[in-house]
Amino acid sequence: MPEDSVDKLNMVTCTAPVNIAVIKYWGKRNEELILPINSSLSVTLHQDQLKTTTTVASSRSFQEDRIWLNGNEEDISHPRLQSCLREIRRLARKRRSDGDPGVDVTGLSHKVHVCSVNNFPTAAGLASSAAGFACLVYTLARVFGVEGELSGIARQGSGSACRSMYGGFVQWIMGQRDDGKDSIAQQVAPETHWPELRVLVLVASAERKPVGSTSGMQTSVETSRLLKHRADSVVPGRMEEMVEAVHRKDFATFAELTMKDSNQFHATCLDTYPPIFYLNNVSRQVISLVHQYNRHYRDIRVAYTFDAGPNAVIYTLQENVAEFVQVVRHFFPPETNGGQFLKGLPVDCVDLSEELKNAISLAPMPKGIGYIINTKAGPGPCVVEHPNQHLLGPDGLPKNA
Ligand code: DP6
């Protein structure tokens, strides 16, 4: 390719994680700025198993901002994408006028090309928008040379994305201000704080979620009195208890709060009018399985949580993973000639005692769960240093197009 066909590209590639809330965000007080009606808390999952990778290039020769997601060009005029682009450029201009020499002044007017891929199927129903917007904002910030608090910008892409800007255990403080400046994410503890904690994603179905979280929570805010009660009177206390439980690494308290909060979130969905159902028969079977398993041991060893879809996310400790995975395999016998049932971190094979099998009274549900991803808490967004990892070529277009 001739040297001068594209002006010098400023190209950066970063990765960002998925997060799973243990105190759920559901409901906005400001739709445009994405300001929530309650604070929330999540665990950032390890990027070895689940991540978004994004490359952003800027160049004087680009005619317009463009974006490719998982191989397809998408409409960059989407208001939430526009908010993120506008806010990063605004911050860069402000830093420059404040005299920060790190900001590339010539690049400020340049258009960007963005290319983003997930290392997990979108159909897995995982919160890909959180990882996606966190990665977009983190990468754009590096291209434009801005640093510091960025979760408030990621929040304007998707509320839960602000929590993916940090690793480990992260709270999103709802804030009080009308301009949203105090509605930001903060790390509660780093990923190294609780090394025994494990996360199992039980992928129940490849169906797409029936009602998206954005419109679902809007209807809940309009119609559910339970949601108002939850936000005003339940979540504030629960947030304090959860932060304490994380600091103390008190699994029983962490687990009980996680399950109760998931259940209350799904209760507010049922209290929404018309009601919203995210759980299916497999989800309900997993809930029952977890409670029977814990009752058998007279100890809370495993917790479930569900977002706006039927997949269970299980929190447990490393010492219980092998047995619980075997329990799941027993009650949800996988397709024998299907793909791999267990992905992610390796798990030892164990035999289940007859006593345990008899203690759980459930009819097996063949193929109810497609596969399990075994993962743990992980770090926040990272810069990918190696240039051959860029998703855009030297012409500024996706490499694999
Ligand atoms: C159930 O962050 O996807 O996963 O802000 O409208 O983009 P928008 O919603 P989104 O909602 C996530 C809801 C949830 C709970 C949570 O992650 O806290």
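In case you missed it, the structure is sitting above this.
Residues numbered from 1 in each chain as written. Predicted model: local features only at pLDDT ≥ 70, side-chain atom pairs only at ≥ 80, totals over all residues. Heavy atoms only, no water.

A.B. asks: Looking at this structure, I do not really get the overall build of the protein chain. What am I missing?
C.D. replies: A tally of helices and strands in the protein chain yields 9 helices and 17 strands. At 22 Å, the protein chain has a C-alpha radius of gyration in line with the 21 Å of a compact globule built from 401 residues. A total accessible area of about 18000 Å² is found for the protein chain, and carbon and sulfur atoms account for 49% of it. Charge centroids of the protein chain, computed over 41 positive and 43 negative side chains, lie 2 Å from each other. (Helix = DSSP H or I, 4+ residues; strand = E, 2+ residues; numbered from the N terminus. Rg over C-alpha atoms; globule rule 2.2 N^0.38 Å. Areas by Shrake-Rupley, 256 points an atom, 1.4 Å probe, with all protein chains shown as cover. Lys, Arg positive; Asp, Glu negative; His and termini not counted. Charge placed at Lys NZ, Arg CZ, Asp CG, Glu CD.)

A.B. asks: Whenever I open this one, unusual backbone geometry confuses me. Can you help?
C.D. replies: It is generally the case that most residues other than glycine have a negative phi and that most peptide bonds are trans. In the segment running from Y273 into P274, the intervening peptide bond is cis, with an omega of -5 degrees. By secondary structure assignment, the location of P274 is in the loop between helix 6 (251-271) and helix 7 (281-297).

A.B. asks: What am I meant to see in the packing of aromatic side chains here?
C.D. replies: Both the distance between ring centres and the angle between the ring planes are used here to describe each pair of aromatic rings. Across all of its chains, the model carries 12 aromatic pairs by this definition. On the basis of an interplanar angle of 90 degrees and a centroid distance of 5.4 Å, the ring pair of F254 and Y315 is categorised as edge-to-face. Taken together, the residues span a long stretch of sequence, with F254 in helix 6 and Y315 in strand 14 (residues 312-317) at a distance of 61 residues. Grouping residues by exposure puts F254 and Y315 together as buried. Ring geometry for Y304 versus F306: centroids 5.9 Å apart, planes at 45 degrees, classification tilted. Comparing Y304 with F306, the two get one shared label, buried. One aromatic cluster in this structure is built from F169, W194, F251, F254 and Y315. Against the face of Y138 rests R142, its NZ or CZ located 4.0 Å from the ring centre. (Phe/Tyr/Trp six-rings, centres within 6.5 Å; stacked < 30°, edge-to-face > 60°. Buried < 20%, exposed > 50% of the residue type's maximum accessible area, 1.4 Å probe, protein only. Lys NZ or Arg CZ within 6 Å of the ring centre and 35° of its normal.)

A.B. asks: Before we go on, may I ask you to explain the pairing of strand 16 (residues 371-375) in this structure?
C.D. replies: In regular strands, side chains alternate between the two faces of the sheet. Most of strand 16 sits out of view: 5 of its 5 residues are buried. Judged by which residues are buried, strand 16 turns out to be covered on both faces: Y371, I373 and T375 on one side and I372 and N374 on the other are all buried. Sheet analysis places strand 12 (residues 197-203) next to strand 16, joined by 5 bridges and oriented antiparallel. Counterpart to V203 in the pairing with strand 16 is Y371. Across 3 bridges, the pairing between strand 15 (residues 342-344) and strand 16 is parallel. Following the sheet pairing, L342 is matched in strand 16 by I372. (Pairing = 2+ DSSP bridges.)

A.B. asks: In this structure, what is going on with the sheet that holds strand 14? I would like to understand it.
C.D. replies: Strand pairs in the sheet, formed through backbone hydrogen bonds, run parallel or antiparallel to each other. Ordered by their spatial adjacency, 5 strands build an open sheet running 13-14-12-16-15, and the pairing between neighbours is mixed. Two strands lie at the open edges of the sheet, namely strand 13 (302-306) and strand 15, each paired on one side alone. Between one strand axis and the next, the sheet turns by 25 degrees as a mean value, whatever way the strands run. Its contacts with the sheet place helix 7 against strand 12, strand 13 and strand 14, and it is angled at close to 160 degrees to strand 13. (Axes fitted to C-alpha atoms, helices over the stretch in contact; angles between N-to-C directions. Contact = heavy atoms within 4.5 Å.)

A.B. asks: Looking at this structure, I do not really get the environment of G378. What am I missing?
C.D. replies: In this fold, G378 is placed in the loop between strand 16 and strand 17 (382-383). Each residue touching G378, except ones within four places of it in the same chain, is listed here: T44, L45, H46, G167, G168 and E191.

A.B. asks: What is the right way to look at helix 8 (residues 318-331) in this model?
C.D. replies: In an α-helix, one turn spans 3.6 residues, which is why side chains three or four residues apart end up on the same side. Here helix 8 contains 14 residues, and its C-alpha end-to-end distance of 21 Å stays within 8% of the 20 Å for a straight helix at 1.5 Å per residue. Restricting attention to buried positions, one finds in helix 8 the residues N320, V321, A322, F324, V325, Q326, V327, V328 and F331. (Expected span 1.5 Å × (residues − 1).)

A.B. asks: So what exactly am I meant to see when it comes to the pattern of salt bridges here?
C.D. replies: In a structure, side chains of opposite charge can pair up when their charged atoms sit close to one another. Taken as a whole, this structure holds 16 salt bridges when the rule is applied. With a shortest N-O distance of 3.0 Å, D98 and K94 are connected by a salt bridge. Note on D98: relative accessible area 55%, which makes it exposed. Since its relative accessible area comes to 49%, K94 is described here as partly exposed. Notably, a salt bridge pairs E354 with K357, separated by 3.2 Å at the nearest N-O pair. Residue E354 and its partner K357 are both found in helix 9 (residues 354-359); the two are separated by 3 residues, about one turn of the helix. Classification of E354 as exposed rests on a relative accessible area of 52%. A cluster of three or more residues bridged by salt bridges with shared partners is formed by R86, E87 and R90. (Salt bridge = Lys/Arg side-chain N within 4 Å of Asp/Glu carboxyl O.)

A.B. asks: Looking at this structure, how should I read the site of the ligand?
C.D. replies: The immediate surroundings of the ligand are formed by 17 residues, with Y25, K28, R80, S158 and S160 found nearest. Here an oxygen atom of the ligand sits 2.7 Å away from a polar atom, N or O, in the side chain of R80. The contact in question runs from an oxygen atom of the ligand to an N or O atom on the side chain of S158, over 2.7 Å. Here the ligand, which alone exposes 460 Å², has 94% of that area covered by the protein. A total of 3 residues in the shell around the ligand trace back to one element, the largest contributor, which is helix 4 (residues 213-223). Here the shell around the ligand is composed, by residue class, of 7 nonpolar, 5 polar and 5 charged. (Near = heavy atom within 4 Å. Polar contact = N/O pair within 3.5 Å; in protein donor to acceptor, adjacent residues only side chain to side chain. Nonpolar A, V, L, I, M, F, W, Y, C, P; charged D, E, K, R; others polar.)

A.B. asks: Just to check I follow, could you spell out the nonpolar core for this structure?
C.D. replies: Most often, soluble globular proteins keep nonpolar side chains buried together rather than apart. Of all hydrophobic cores here, the largest spans 66 residues; its most connected members are F254, V286 and Y315. Contact partners of V286, with chain neighbours within four places excluded, come to L202, F306, A312, I314, F332 and I369. (Core = buried A, V, L, I, M, F, W, Y, C linked by side-chain atoms within 4.5 Å.)

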